[in-house]
Amino acid sequence: MKKQKMSSSSTTSGNPFDLLSDEIVFLVLDHLSPNPLDSKSFSLVCKSFYSLESLHRRSLRPLRTQHLPSVLSRYPNLSLLDLSLCPRVPDSSLHLLSSSPSLSLSLRSIDLSRSRFFSASGLTSLALRCINLVEVDVSNATELRDAGAAALAQAKNLERLRMSRCKMVTDMGVGCLAVGCRKLRELVLKWCLGVGDLGVGLVAVKCKELRTLDVSYLPISNKCLPSIMKLPYLEDLILEGCYGIDDDGLAALKDGCHSLKSLDISSCQSISQVGVPSITSGSTSLRHLNLSYCIPVTFALAGSLKRLSVLQTLKLDGCMVTISGLKALGDCCASLTELSLSKCAGVTDEGLSALVTKHRQLKKLDITCCRKITDVSIAHISRSCTELTSLRMESCTLVPKEAFVLIGQRCPHLEELDLTDNEIDDEGLEYISRCSRIRVLKLGICLNITDKGLSCIGGACPKLIELDLYRSAGVTGVGILSIARGCPSLEIINVSYCNDITDASLMSLSKCSSLNTLECRGCPLITSLGISAIAVSCRKLTKLDIKKCGNIDDTGMIPLAHYSQNLRQINLSYTSVTDVGLLSLASVSCLQSMTILHLKGLTACGLAAALLTCGGLTKVKLQSSFRSMLPHLLFDHLEARGCTFHWRNKVFQAELDPKCWKIQLEEQMQ
Amino acid sequence: MKDLKIDTEDNLHAEAWAKSTARNKLPKHVPPDHPSQYGNFSLPRNQQNWVDPSVPDHTLRPQEPYEGFNQPSENQSNHPHNPSSVQDIGLQMNDIIEINKILDWDPRTMLSNLSFLKQKIHQLQDLVDLIVGRRSPTMGRPDELVTQQQQLITADLTSIIVQLISTAGSLLPSVKNSLSAAGPSIPAEQLGQLGGVILNTSSSVNAAALPLSSDGGTKVIADQPNPVDPTSHLVIEHLDEHESKDEEDVEDGENLPPGSYEILQLEKEEILAPHTHFCTICGKGFKRDANLRMHMRGHGDEYKTPAALAKPHKDTGSEPVLIKRYSCPYVGCKRNKDHKKFQPLKTILCVKNHYKRTHCDKRYTCSRCNTKKFSVIADLKTHEKHCGKDKWLCSCGTTFSRKDKLFGHITLFQGHTPAIPLDEAKGQAGPSTQGETNEESHKLGNMNFGFASDGEVQDLMEDVKGMVDEPSGYYSPLTFDSSNFGGFNEFPRPSFDDPEGAFSFLIPGSCNYTRKSGGESTSTNNLS
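Computed from a predicted model, the values in this text were never measured in an experiment.

Visitor: Quick question: what am I supposed to make of the overall build of chain B here?
Guide: Counting secondary structure elements, chain B contains 22 helices and eleven strands. Counting across all 528 residues of chain B, residues that qualify as buried make up 49%. Excluding contacts between residues fewer than 6 apart, the proportion of contacts in chain B whose partners are at least 24 apart in sequence is 61%. Working note: accessible area of chain B is about 25,500 Å², and carbon and sulfur atoms make up 55% of it.

Structure representation (structure tokens):
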């Protein structure tokens, strides 16, 4: 076939691409960006490119299972099938998949984490026919029962299985998996509330290849820990929120599991400081340790952590922290590169300063909500931890604006900076802009910043991908313009409640062609014109929040529906969109989630039509008054298609004054 | 009438003796022409007689009741008149027995014998009534003797009834066994109370009920458990020369193992006997000796005394009681005393249950699940209490009442996997249960397990249905109501050796589906 094509083309047409062998084209395709639109464009060039791309494609994320038959015949070599966009994957689809002769051999990974309506029958044929299946994700299959788990257990070669929130699965199902899938390397049982000691214990006994085991929030007790600890290759153990495990249980860790590299016992409230020495004495090669919401950080704890000489990551979120504990932490874990102290009560300048001066190689530091720290800590951090790539310090309200100058001056490697709810001002931003590698910058609720500071960022941070300006009301179109000009790779921007943002800002933002998320809640000046500009230029837009943009109406929705074919999530609450706009939006085949509260122009009939048209909907937030206005059968039908309804009955809420919303909010809270 | 009476008396004496000998099958020890004075019978001697035959010739036992009782019953018809004939019968019987009775008995003849016997019993009763009614001092004999005679007659009468019962009982194999244990249960004091004649009769009854062959054996025979004094009813090794009363001593002397307990071994027949206590008068069997004592009250005032009603247990209280342990008669069993790692059984009940559970057929099948079988009926009853509640199933077919036991089992055995019951799976996919799809294990599982095995069949059925229903019922959340398929579990399922073949069945369905949805837009927009 290929030879024929080659010979014919070289003699007659002289198409230069025909000189390329398939292998070379495949190599070229290998280097194509992961953006699916690129390969789509490639395949549309000509017939041979179309067929070559079809042969080359390994991964696919289809939107509807209805298209599976044609899709499967087009892409015979798929190894990764992501069905997370298909809300409805009935057994018939799985039968179809597994009965395709080529796919059944090539398929290695399937993701059903967002799909419903499949059952044990479909999984059985999948497991039996797709013999090379290595990875399966059935998370959130809340209706899956033991029979389904047992069906999966027939996939002999399964290595990675994620089944979090499979609440109906019990020990029996997990037992089948343990016996059937002996090659399992990764098993996630998080939130499988029906699984207890017996199931987990059996998994530990039978699946000796396990590397990663997540048993978070399971009703397990100490009984299954000894067998888990005997797993010869276990590297990653997640015991988050296992209330049944206490200090006695941790004694099992004393003897074993030298292979363990990562341990998460966060939110295990039955564990006290007494148990920590057993962890540290047993697993000296531990690299990542998560003790969040678990144990008070004291001198004694730090002492027992000393033995973990290769520890790299330590998470102590939400723990009670003492000064002596922090100081002692400074003396241990010399190799620590990542430290998280977010929401820790008791973090003070004295303790934190002592800690960071000892850990100069820290790369990531999270001091979110450490409300007692001041510029002293920031000075120490910026002086010693010059390697920092990530600093999260949301709501460190006592840090004065001068401190941010220090960060900008001394931490040039920062890539992620979270300054939400801080006192930073334009001068600080000017210094922050020296961190030219910055990719994620969160400036939400920074009431002191203006366009001036933002312009500095826009002028110096070309790598910026995510910018959060939520309620930073000093920002206007000028600032946004400079960002839009200077940060072409911007993907996510949040300008919610920046009241002065206008259509002009959106038009400038439309230059950022990679933009996929735009949140501009509560910007009353934005009209349909701005949205149209975004829709026309930002073809990758997947998430749009225009809640409370009262001036946006149907004229904005029509171009959106026409151009933004990748739109998945939209919030239209409090806008002036009517039936027409909604109906046109419904033609966006990707659309999965809609929030349509308080749309004055929306009628029951229009809503029904839109809902029926939009076949891929999985989640709709609706005013509960519609519930009685529309027939029950309609909702039943839609739910059968895979859509879930969230009924809200909130009264229309008057907008808070943007300048002093925080004070108002605090007053309301009190 | 008087003649008759005298005749009767003589005859009775002779007959009693003849009977006893006949049933003892010891013509050599007690020749048939032995004088018929009961005074000559010494207690030890008598007991020896019935103990002697204790040598177990088990193959014969079931037949003996028939032979032993039917033959005489026929002849007894004329025994009041014909004493000599009775002796002949005794001889005949002995001969027959000694010839090593391989009998193929005919139930019809036995039945006729039976009716004949009944007739004779009536005659006898009339006779006895007559005797009782005409009792008078003119006889010139001491009153005691008269009463003894009366008792003799009564005993004779009852002995016939015993024969009747045992003959009838011989129809049922189990009853034969039960009778075997009747003999030894005469309390010594009872023997003492009664005169020699009575003794004779009672012993004859015993002998009748204890159909043992007469070869002097050395094997241990133990009676059924008698809480009163178990050992007194045990016939111990090398017993031939000893009286029953001395059994214990013999045992003590000979069976003391290195351990501080004595080992007793019941024989198979004793173990399997349904009753362990038998009325010496009417032969009725009881499971508990207390019930027997209650029953005995109906046989006369002498059984109503506190002494008779009391547990005869404390008789041997003065002697130091050794711990008794029991051995299973099954050679090679770990519970057999010859086993290298012998582990004795604690009580006779243990022996019975052990023997039935381990060495007998499991005759009792649970009517609910029709799979579980038991040899001890109590086990069946226990099971029936839980049957159906054993919801923890293994693919091998074993059920467990507790989940942890199931998981322990699965942990232990390679290839076993939890089986998910269909109702729990809501029929959505029964197959599931089979974690192992490799064919060997599949077959293995299919062999003995109900629904774990038929996964594929059911699966197929569901598949088909799913396919058929799919286009029309596309928007229903569950495309089919799978409960319909519960019935398929009942079908015997072929083991699918060829999964390909099994699934080729699917292809038409999937083709249909393809056709139906083929028309839909396949725009690449939908791929991302």
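Next comes the rest of the account.
Visitor: Explain the overall build of chain A to me, please; I cannot follow it from the model alone.
Guide: A count of helical and extended segments in chain A gives 31 helices and 24 strands. Counting every position in chain A, which comprises 670 residues, the buried fraction comes to 60%. Across chain A, contacts joining residues at least 24 apart in sequence account for 73% of those joining residues at least 6 apart.

Visitor: Help me out: how do you make sense of the nonpolar core in this one?
Guide: Nonpolar side chains tend toward joint burial in soluble globular proteins. Ile110, Ile228, Leu239, Ile367 and Leu443 of chain A are the most contacted members of the largest nonpolar core, which totals 214 residues. Per-element accounting of this core gives the leading share, six residues, to helix α10 (residues 171-180) of chain A. Those residues in contact with Ile110 of chain A that lie beyond four places of it in its chain are Leu81, Leu83, Leu94, Leu97, Leu126, Leu133, Glu135, Val136 and Asp137 of chain A. Counting ten residues, the second largest nonpolar core, distinct from the first, contains Leu264, Ile271, Tyr326 and Ile348 of chain B.

Visitor: Mind showing me how you'd approach helix α16 (residues 403-412) of chain B here?
Guide: An α-helical segment advances 3.6 residues per turn. Residues three or four places apart therefore align on the same side. Those residues of α16 of chain B that fall on the buried side of the exposure criterion are Leu406, Phe407, His409 and Ile410 of chain B. Angular distribution of buried residues about the axis of α16 of chain B spans 155 degrees; they occupy a single face of the element.

Visitor: Any chance you could explain the pairing of strand β3 (residues 261-265) of chain B here in plain terms?
Guide: Two faces belong to every sheet, and in a regular strand the side chains alternate between them. Residue and element names in this part refer to chain B. In terms of residue burial, β3 counts as a mostly covered element, since four of its five residues are buried. Two elements, β3 and strand β6 (residues 323-327), share five bridges in a ladder whose sense is parallel. Looking at the pairing, Tyr261 lines up with Ile323 of β6.

Visitor: For this particular structure, what's the right way to read the confidence of the model for chain B?
Guide: Interpretation of the predicted coordinates at a detailed level should be avoided for regions scoring low in pLDDT. All names here are of chain B. Per-residue confidence for chain B gives a mean pLDDT of 56, with 31% of residues at or over 70. In the predicted structure, residues 171-256 sits below a pLDDT of 50 and forms 218 contacts with residues beyond four places in sequence or in another chain. A low-confidence stretch, residues 425-528 (pLDDT under 50), is modelled with 197 contacts involving residues beyond four sequence positions or located in other chains. Scoring of the predicted complex yields 0.62 for pTM and 0.82 for ipTM.

Visitor: Would you mind going over the packing of helix α28 (residues 604-613) of chain A against helix α30 (residues 632-640) of chain A with me for this structure?
Guide: Describing two packed helices takes the angle between their axes plus the distance from one axis to the other. Residues and elements named next belong to chain A. Contact pair α28 / α30: the axes reach a minimum separation of 11 Å and the direction vectors enclose 20 degrees. Taken together, α28 and α30 sit at an angle that is classed as roughly parallel. Along this stretch, α28 crosses α30, giving a crossing that reads as left-handed. Residue-level contacts link Ala608, Leu611 and Leu612 of α28 to Leu634, His637 and Leu638 of α30. When grouped by side-chain class, the residues that make up the contact of α28 with α30 number five nonpolar, one polar and no charged.

Visitor: Is there a simple way to think about the environment of Ser270 of chain A in this case?
Guide: Residues and elements named next belong to chain A. Tracing the backbone shows Ser270 in the loop between β9 (262-264) and α15 (276-282). Sequence separation between Ser270 and Asp247 is 23 residues; the distance between their C-alpha atoms is 7.3 Å. Apart from the residues within four sequence positions on either side, Ser270 is in contact with Tyr243, Ile245, Asp246 and Asp247. Among the polar contacts listed, one links the side chain of Ser270 to the backbone oxygen of Tyr243, at a separation of 2.5 Å.

Visitor: Can you walk me through the state of the cysteines in this structure?
Guide: Working definition of a disulfide: a covalent bond connecting the sulfur atoms of two cysteines. This structure, assessed with the given rule, holds zero disulfides over all chains. In this structure Cys207 of chain A is not part of a disulfide, and its nearest cysteine sulfur, from Cys181 of chain A, lies 7.0 Å away.

Visitor: How do you make sense of unusual backbone geometry when you look at a structure like this?
Guide: Both trends apply: most residues other than glycine have a negative phi, and most peptide bonds are in trans. All names here are of chain A. Within the chain, Cys333 stands out as a residue other than glycine whose phi angle is a positive 55 degrees. Summarising the element assignment, Cys333 is placed in the loop between α17 (323-331) and β12 (338-340). Under the relative-accessibility criterion, Cys333 is labelled buried at 3%. Although it is not a glycine, Tyr574 adopts a positive phi angle of roughly 65 degrees. As for its position among the elements, Tyr574 is in the loop between β21 (569-571) and α27 (579-585). Taking relative accessible area as the criterion, Tyr574 reaches 13% and is therefore assigned buried.

Visitor: Which parts of the structure should I look at to understand the pattern of salt bridges?
Guide: Charged atoms that come close allow side chains of opposite charge to pair. All names here are of chain A. Following the criterion strictly, the structure yields 19 salt bridges over all chains and no others. As a salt-bridge pair, Glu135 and Arg162 come within 2.5 Å of each other at their nearest N and O atoms. With Glu135 in strand β4 (residues 135-137) and Arg162 in strand β5 (residues 160-162), this residue pair connects regions lying 27 residues apart in the sequence. Judged by its relative accessible area of 16%, Glu135 is buried. Salt-bridge contacts for Glu350 lead to Lys327; the nearest nitrogen and oxygen are separated by 2.7 Å.

Visitor: Help me understand helix α25 (residues 528-537) of chain A in this model?
Guide: All names here are of chain A. The buried fraction of α25 amounts to seven of the ten residues, a majority that puts the element mostly inside the structure. Listed as buried for α25 are Ser528, Gly530, Ile531, Ser532, Ala533, Ile534 and Ala535. Structurally, α25 contributes buried residues whose contacts are with α24 (503-509), β19 (517-519), β20 (543-545) and α26 (554-563).

Visitor: Where do I start with the sheet that holds strand β10 (residues 399-400) of chain B in this structure?
Guide: The pairing of strands in a sheet comes from backbone hydrogen bonds and takes either a parallel or an antiparallel form. Residues and elements named next belong to chain B. Taking strand neighbours across the sheet as the criterion, the three strands line up as β10-β9-β11 in an open arrangement whose pairing is antiparallel. The sheet is open, and its two edges are formed by β10 and β11 (418-419), each paired on a single side. The pairing of strand β9 (residues 392-394) with β10 spans two bridges and is antiparallel. Counterpart to Leu393 in the pairing with β10 is Thr399.

Visitor: I would appreciate a short explanation of the packing of helix α2 (residues 22-30) of chain A against helix α4 (residues 47-56) of chain A in the present structure.
Guide: Residues and elements named next belong to chain A. Interhelical geometry of α2 versus α4 gives an angle of 65 degrees and a closest axis separation of 10 Å. By the angle between their axes, α2 is roughly perpendicular relative to α4. As α2 packs across α4, the resulting crossing turns out to be right-handed. From α2, Asp22, Val25, Phe26, Leu29 and Asp30 reach across to α4, where they touch Leu52, Glu53, Leu55 and His56.

Visitor: What's the story with the packing of aromatic side chains in this structure? I'm lost.
Guide: All names here are of chain A. Applying the stated rule across the entire model yields six aromatic pairs over all chains. On the basis of an interplanar angle of 15 degrees and a centroid distance of 4.3 Å, the ring pair of Phe42 and Phe49 is categorised as stacked. Centroid distance Phe635 to Trp647: 5.1 Å. Interplanar angle 85 degrees. Geometry classified as edge-to-face. Placement of the pair is Phe635 in helix α30 and Trp647 in strand β24 (residues 644-648), with a sequence separation of twelve residues. Given the relative accessible area of 5%, Phe635 is considered buried. The exposure class of Trp647 is buried, given its relative accessible area of 18%.

Visitor: Where do I start with the pairing of strand β23 (residues 619-623) of chain A in this structure?
Guide: Residues and elements named next belong to chain A. In this sheet, β23 lies alongside strand β22 (residues 593-596) in parallel orientation, the contact comprising four bridges. Following the sheet pairing, Ser593 is matched in β23 by Lys619. Considered for its hand, the β-α-β crossover made up of β22, α28 and β23 is right-handed.

Visitor: Hey, could you run me through the environment of Leu612 of chain A in this one?
Guide: Residues and elements named next belong to chain A. Mapping Leu612 onto the fold places it in helix α28. A relative accessible area of 38% places Leu612 in the partly exposed class. Setting aside residues no more than four positions away along its own chain, Leu612 makes contact with Leu634, His637, Leu638 and Arg641.

Visitor: Where do I start with a nonpolar patch on the surface in this structure?
Guide: The grouping of Phe17, Leu20, Ile24 and Val28 of chain A at the surface amounts to a nonpolar patch, some 330 Å² of accessible area in total. Within the secondary structure layout, Phe17 of chain A lies in the loop between α1 (2-11) and α2.

Visitor: Just to check I follow, could you spell out a negative patch on the surface for this structure?
Guide: Taken together, the side chains of Asp375, Glu402, Glu427 and Glu430 of chain A define an acidic patch exposed on the protein surface. Judged by its relative accessible area of 39%, Glu430 of chain A falls in the partly exposed class.

Visitor: Is there a simple way to explain the confidence of the model for chain A in this structure?
Guide: The pLDDT averaged across chain A works out to 89; a share of 96% of its residues lies at or above 70. In this model residues 1-11 of chain A is a low-confidence stretch, pLDDT under 50, and it forms eleven contacts with partners more than four residues away in sequence or in other chains.

Scoring rules and cut-offs
- Residues numbered from 1 in each chain as written.
- Chains lettered and ligands numbered in written order.
- Predicted model: local features only at pLDDT ≥ 70, side-chain atom pairs only at ≥ 80, totals over all residues.
- Heavy atoms only, no water.
- Helix = DSSP H or I, 4+ residues; strand = E, 2+ residues; numbered from the N terminus.
- Buried < 20%, exposed > 50% of the residue type's maximum accessible area, 1.4 Å probe, protein only.
- Contact = heavy atoms within 4.5 Å.
- Areas by Shrake-Rupley, 256 points an atom, 1.4 Å probe, with all protein chains shown as cover.
- Core = buried A, V, L, I, M, F, W, Y, C linked by side-chain atoms within 4.5 Å.
- Arc of directions from axis to C-beta.
- Pairing = 2+ DSSP bridges.
- pLDDT = per-residue confidence, 0-100.
- Axes fitted to C-alpha atoms, helices over the stretch in contact; angles between N-to-C directions.
- Parallel < 35°, antiparallel > 145°, perpendicular 65-115°, else oblique.
- Left-handed = near helix turned anticlockwise from the far one by under 90°.
- Nonpolar A, V, L, I, M, F, W, Y, C, P; charged D, E, K, R; others polar.
- Polar contact = N/O pair within 3.5 Å; in protein donor to acceptor, adjacent residues only side chain to side chain.
- Disulfide = S-S within 2.5 Å.
- Salt bridge = Lys/Arg side-chain N within 4 Å of Asp/Glu carboxyl O.
- Phe/Tyr/Trp six-rings, centres within 6.5 Å; stacked < 30°, edge-to-face > 60°.
- Right-handed = clockwise from strand over helix to strand, strands pointing away.
- Patch = residues over 30% accessible without salt bridge, like charges linked within 9 Å, V, L, I, M, F, W, Y side chains within 5 Å.
- Lys, Arg positive; Asp, Glu negative; His and termini not counted.
- Charge placed at Lys NZ, Arg CZ, Asp CG, Glu CD.

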